[in-house]
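So the chains spell out like this:
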Amino acid sequence: MSQQPNTYSTIVIGVGTMGSAACMHLASRGERVLGIDRYPVPHNLGSHHGGSRIIRDCYFELPDYVPLLLRTRAGWEALERESIKFGADATFPLVHRPGVLYMGAPGSEVVGRSHASGAGHGVPCEPLDARAARARFPQFNIPDDWSALFEPGSGFVRPERAVAAAVRVARAHGADIHEGERVIEWSETANGVQVRTDRGTYEAGSLIITAGAWTPSLARTLGV
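Residues numbered from 1 in each chain as written. Predicted model: local features only at pLDDT ≥ 70, side-chain atom pairs only at ≥ 80, totals over all residues. Heavy atoms only, no water.

Chemist: Can you walk me through the side chain of Asp57 in this structure?
Modeler: Looking at the secondary structure, you find Asp57 in the loop between β3 (53-55) and α2 (66-85). Aside from chain neighbours lying at most four places away, what touches Asp57 is Val66, Leu69, Leu70, Arg73, Val123, Glu151 and Ser154. (Helix = DSSP H or I, 4+ residues; strand = E, 2+ residues; numbered from the N terminus. Contact = heavy atoms within 4.5 Å.)

Here it is, written out as structure tokens:
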């Protein structure tokens, strides 16, 4: 039996960084996916906005993240390949890797823990004293008692381009992406969920909420 036009495997509310990736991966696995965003995708009102986001593997916050970060390298490369395959402009890369420089005063946790987490997982990283750092990066006035760490394999990603690329790939795999459509409410049904918007009503077996700052109002019934 064929599915009804407004019936999906999964509905994703919010098509920013996380939502576009969810749509892309689910659609590439053959799921019937609907992504809904109240604004054009990408836009300047979401968590992804800002022109650039740092990417780094020497993760001082918690070394347990490093294997996940290393795995994302293959993910970024795959996203670039797939988006170009489906028509994205190859002259505008998503990821740039000029390296990342960490600097800090004596005892800096950022420098010390970044070095420890990276070195512990085999991430290339180079500790520098103040003199060596000034010689390498003369644009910075680094105090004599500071230390630094240079991670050559990291850099930054263009978040708006990344969102647009993920949406392009998702659509190429059959996902429906509704832009400029506001979700009013969602509710459970016998077979999953129902989502009502200012344009219509949709049903799905599961719901993913990646709505950034709008998540509390959408998820209030969960008691989160």
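After presenting the structure, the write-up continues.
Chemist: Can you help me understand the packing of aromatic side chains in this one?
Modeler: Two measures describe an aromatic ring pair: the distance that separates the ring centres and the angle between the ring planes. Evaluated as defined, the whole model comprises 3 aromatic pairs. Geometrically, the ring pair formed by Tyr39 and Trp214 is tilted, given 6.0 Å between the ring centres and 50° between the ring planes. Of this pair, Tyr39 sits in the loop between β2 (33-36) and β3 while Trp214 sits in the loop between β12 (201-209) and α6 (215-218); the two residues are 175 residues apart in sequence, bridging distant segments of the chain. For Tyr39, a relative accessible area of 24% corresponds to the partly exposed category. Looking at Arg32, its charged tip hangs above the ring of Tyr8, at a distance of 4.2 Å from the centre. (Phe/Tyr/Trp six-rings, centres within 6.5 Å; stacked < 30°, edge-to-face > 60°. Buried < 20%, exposed > 50% of the residue type's maximum accessible area, 1.4 Å probe, protein only. Lys NZ or Arg CZ within 6 Å of the ring centre and 35° of its normal.)

Chemist: For this particular structure, what's the right way to read the side chain of Glu181?
Modeler: Looking at the secondary structure, you find Glu181 in the loop between β9 (176-178) and β10 (183-189). Classification of Glu181 by relative accessible area gives buried; the value is 1%.

Chemist: Before we go on, may I ask you to explain the packing of α2 against helix α5 (residues 159-172) in this structure?
Modeler: The packing of two helices is summarised by the inter-axis angle and the distance between the axes. The contact between α2 and α5 brings their axes to 9 Å, and the two run at 60°. When the axes of α2 and α5 are compared, the pair comes out oblique. Viewed along their axes, α2 and α5 form a crossing whose handedness is left-handed. Within the contact between the two elements, α2 uses Trp76, Leu79, Glu82 and Ser83 and α5 uses Ala162, Ala165, Ala166, Arg168 and Val169. Residues of the contact of α2 with α5, tallied by class, amount to 6 nonpolar, 1 polar and 2 charged. (Axes fitted to C-alpha atoms, helices over the stretch in contact; angles between N-to-C directions. Parallel < 35°, antiparallel > 145°, perpendicular 65-115°, else oblique. Left-handed = near helix turned anticlockwise from the far one by under 90°. Nonpolar A, V, L, I, M, F, W, Y, C, P; charged D, E, K, R; others polar.)

Chemist: Would you mind going over the sheet that holds β2 with me for this structure?
Modeler: Paired through backbone hydrogen bonds, the strands of a sheet run either parallel or antiparallel to each other. Across the sheet, which stays open at both edges, the 6 strands sit in the order β9-β2-β1-β12-β11-β10 with mixed pairing between neighbours. Across the chains shown, the open sheet's two edge strands, defined by having one partner strand only, are β9 and β10. Taken pair by pair, the neighbouring strands of this sheet meet at an average axis angle of 35°, ignoring direction. (Pairing = 2+ DSSP bridges.)

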